[in-house]
Structures are given as structure tokens and as C-alpha cells.
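So the chains spell out like this:
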Amino acid sequence: MPSGVTDDVRHDRFVLTEDGSEAELVYRKVGHRFILLHTGVPKEIGGRGIAGRLVRAALHRAAEEHLDVVPWCPFARRWLRDHPDAAAGVTIDWNVDPDEI
């Protein structure tokens, strides 16, 4: 798990607090799929790579639990395309229709 990131399983989100502001990556686990729904980073702490650290945390959990990552969140999709090495060993399902789940 990346440093400073907490998996708030009760609320289905990864959280990172920095300088009094909270960033999150909201997810949903459905069967063997780990759906990344929304990444939110307050502008006060933006530009520090925090959203990427949250996506890395999701990849870490997906690898540990053998889950397929479904990036619905536009940021997560872009980040995963820009960092293919980070997702090595994890299946990314780019084509899941939300109505299928």
C-alpha cells in the first residue's frame, strides 16, 4: 500500500489526508471486479501526485485479492494508460458496460 493511503473498507474508498485536506478514490467491489468510480483531490493539495498514489493503492489491493480492475473514473483510466508498468500483474478490464454489473 502506498505511504499515507488508508483503505476505508467500511465506506468503499481509499483516503489520503495531507495538510488537513482529504483526497479519496471511491470504489465498488462486485464479484471479482474492483470498480474505480471517482477520484477527488482538493485543489489545496493538487499537483502532488496524490490521485496517482490512490490508484496505486487500488492496484495493490486488486493484486492481493486477484480482482480485475474496472476504471470507470476518467482520472484512473488516464493514469492507468499513462502508467502501464504500475498495473503489471493486474487485469484491467477497459470494456465493462456499467449495465453488466
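Provided above is the structure to which this section pertains.
Residues numbered from 1 in each chain as written. Predicted model: local features only at pLDDT ≥ 70, side-chain atom pairs only at ≥ 80, totals over all residues. Heavy atoms only, no water.

**Regarding the pattern of salt bridges**
- Summed over the entire model, instances satisfying the criterion amount to nine salt bridges.
- The closest approach of N and O atoms between Glu 18 and Arg 53, which form a salt bridge, is 3.9 Å. Within this pair, whereas Glu 18 is found in strand β2 (residues 13-18), its partner Arg 53 is found in helix α1 (residues 50-65), the two being separated by 35 residues in sequence.
- A relative accessible area of 21% places Glu 18 in the partly exposed class.
- Ionic pairing is found between Asp 19 and Arg 48, a salt bridge with its closest N-O pair at 2.7 Å. Linking Asp 19 in the loop between β2 and β3 (21-30) with Arg 48 in the loop between β4 (33-40) and α1, this pair joins segments that are 29 residues apart in sequence. (Salt bridge = Lys/Arg side-chain N within 4 Å of Asp/Glu carboxyl O. Helix = DSSP H or I, 4+ residues; strand = E, 2+ residues; numbered from the N terminus. Buried < 20%, exposed > 50% of the residue type's maximum accessible area, 1.4 Å probe, protein only.)

**Side note on helix α2 (residues 74-82)**
- Along α2, the residues classified as buried are Ala 76, Trp 79 and Leu 80. On an axial view of α2, the arc spanned by its buried residues comes to 100°, and they lie on one face. Away from its buried face, by an angle of more than 90 degrees, α2 presents the exposed residues Pro 74, Arg 81 and Asp 82.
- Where α2 is buried, its residues touch β4, α1 and β5 (68-71). (Arc of directions from axis to C-beta. Contact = heavy atoms within 4.5 Å.)

**Some remarks on the nonpolar core**
- With 25 residues, the main nonpolar core has Phe 14, Phe 34, Leu 36, Leu 54, Leu 59, Val 69 and Leu 80 as its most contacted residues.
- When contributions to this core are tallied by element, the ones reaching two or more residues are β2, β3, β4, α1 and α2.
- Per-element accounting of this core gives the leading share, seven residues, to α1.
- With residues near it in sequence (within four places) discarded, Phe 34 still touches Phe 14, Tyr 27, Arg 28, Lys 29, Ala 58, Arg 61, Ala 62, Leu 67, Asp 68, Val 69 and Val 70. (Core = buried A, V, L, I, M, F, W, Y, C linked by side-chain atoms within 4.5 Å.)

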